[in-house]
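# Descriptive analysis of the structure
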Amino acid sequence: MRCPYCGSENSKVIDSRPSEEDNSIRRRRVCEACDKRFTTFEKVESLPLIIIKKDMNREPYDRSKIEAGIIRSCHKRPVSMPDIQQTVDEIEAEIFSKESREVSSTWIGELVMEKLKDLDQVAYVRFASVYREFKDVNTFMDELKKLLG
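Read on for a plain summary of the structure. (Residues numbered from 1 in each chain as written. Predicted model: local features only at pLDDT ≥ 70, side-chain atom pairs only at ≥ 80, totals over all residues. Heavy atoms only, no water.)

### Notes on the nonpolar core
Counting 25 residues, the largest nonpolar core has Ile 66, Ile 70, Ile 95, Val 112 and Leu 116 as its most contacted members. Of all the secondary structure elements, the ones that give two or more residues to this core are helix H1 (63-73), helix H2 (81-97), helix H3 (105-119) and helix H4 (121-131). Here this core takes six residues from H4, the largest share from any one element. Once you skip the residues sitting within four places of it in the chain, Ile 70 turns out to touch Ile 84, Thr 87, Val 88, Ile 91, Val 112 and Leu 116. (Core = buried A, V, L, I, M, F, W, Y, C linked by side-chain atoms within 4.5 Å. Buried < 20%, exposed > 50% of the residue type's maximum accessible area, 1.4 Å probe, protein only. Helix = DSSP H or I, 4+ residues; strand = E, 2+ residues; numbered from the N terminus. Contact = heavy atoms within 4.5 Å.)

### What about the packing of aromatic side chains?
For the structure shown, the criterion picks out two aromatic pairs. Residues Phe 127 and Tyr 131 carry aromatic rings whose centres are separated by 5.9 Å and whose planes lie at 15 degrees to one another, so their mutual orientation is stacked. Of this pair, Phe 127 and Tyr 131 both sit in helix H4, four residues apart, which is roughly one turn of the helix. In this structure Tyr 131 comes out as buried when scored by relative accessible area, which is 16%. (Phe/Tyr/Trp six-rings, centres within 6.5 Å; stacked < 30°, edge-to-face > 60°.)

### Focus on the packing of H1 against H3
In contact at an axis separation of 12 Å, H1 and H3 are set at 40 degrees when each is read in the N-to-C sense. In terms of their interaxial angle, H1 and H3 are classed as oblique. Remark: the crossing between H1 and H3 carries right-handed chirality. The segment H1 lies against H3, with Ile 66, Ile 70 and Ser 73 engaging Ile 108, Val 112 and Leu 116. (Axes fitted to C-alpha atoms, helices over the stretch in contact; angles between N-to-C directions. Parallel < 35°, antiparallel > 145°, perpendicular 65-115°, else oblique. Left-handed = near helix turned anticlockwise from the far one by under 90°.)

### Thoughts on the sheet that holds strand E6 (residues 102-104)
In a beta sheet, neighbouring strands are held together by backbone hydrogen bonds and run either parallel or antiparallel to one another. Pairing within the open sheet is mixed, and its three strands lie in the order E5-E4-E6. Sheet topology places strand E5 (58-60) and E6 at the edges, where each strand pairs with a single neighbour. This sheet shows a mean twist of 35 degrees between the axes of neighbouring strands, independent of strand direction. One ladder, built from three bridges, connects strand E4 (residues 50-52) with E6; its direction is parallel. Counted as the bridge partner of Ile 52 is Ser 104 from E6. (Pairing = 2+ DSSP bridges.)

Shown next as structure tokens:
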């Protein structure tokens, strides 16, 4: 690590501890050339996750899209915001546990429906009707039969 005061590349770590947000390491260093102290932060570099859309376009992962879809599905349902956040956290954990740099939106949509089925069945049917693009009442009824049967 280069010293910000004299530019020397020789420094020694004298203290390390987690940062306040607990997502990086705070390191206190001393320059071996000029004896001045300075602080550095070490953070894990995460690779960007790319979502492959149905039309084969690619876009960066955006947690807020999953969250917005679930919130819309749970509108006027007895589902608390902490429950929604926990569901989104679980979905996100499963997405990132795949350890793949590209994930299909179809796979994510199915995962969201699986989690919504446990969270609230009405929200599940709402989400499925938009996600699976139900064209008529019969398609809607088929999904309800699967849910009930």
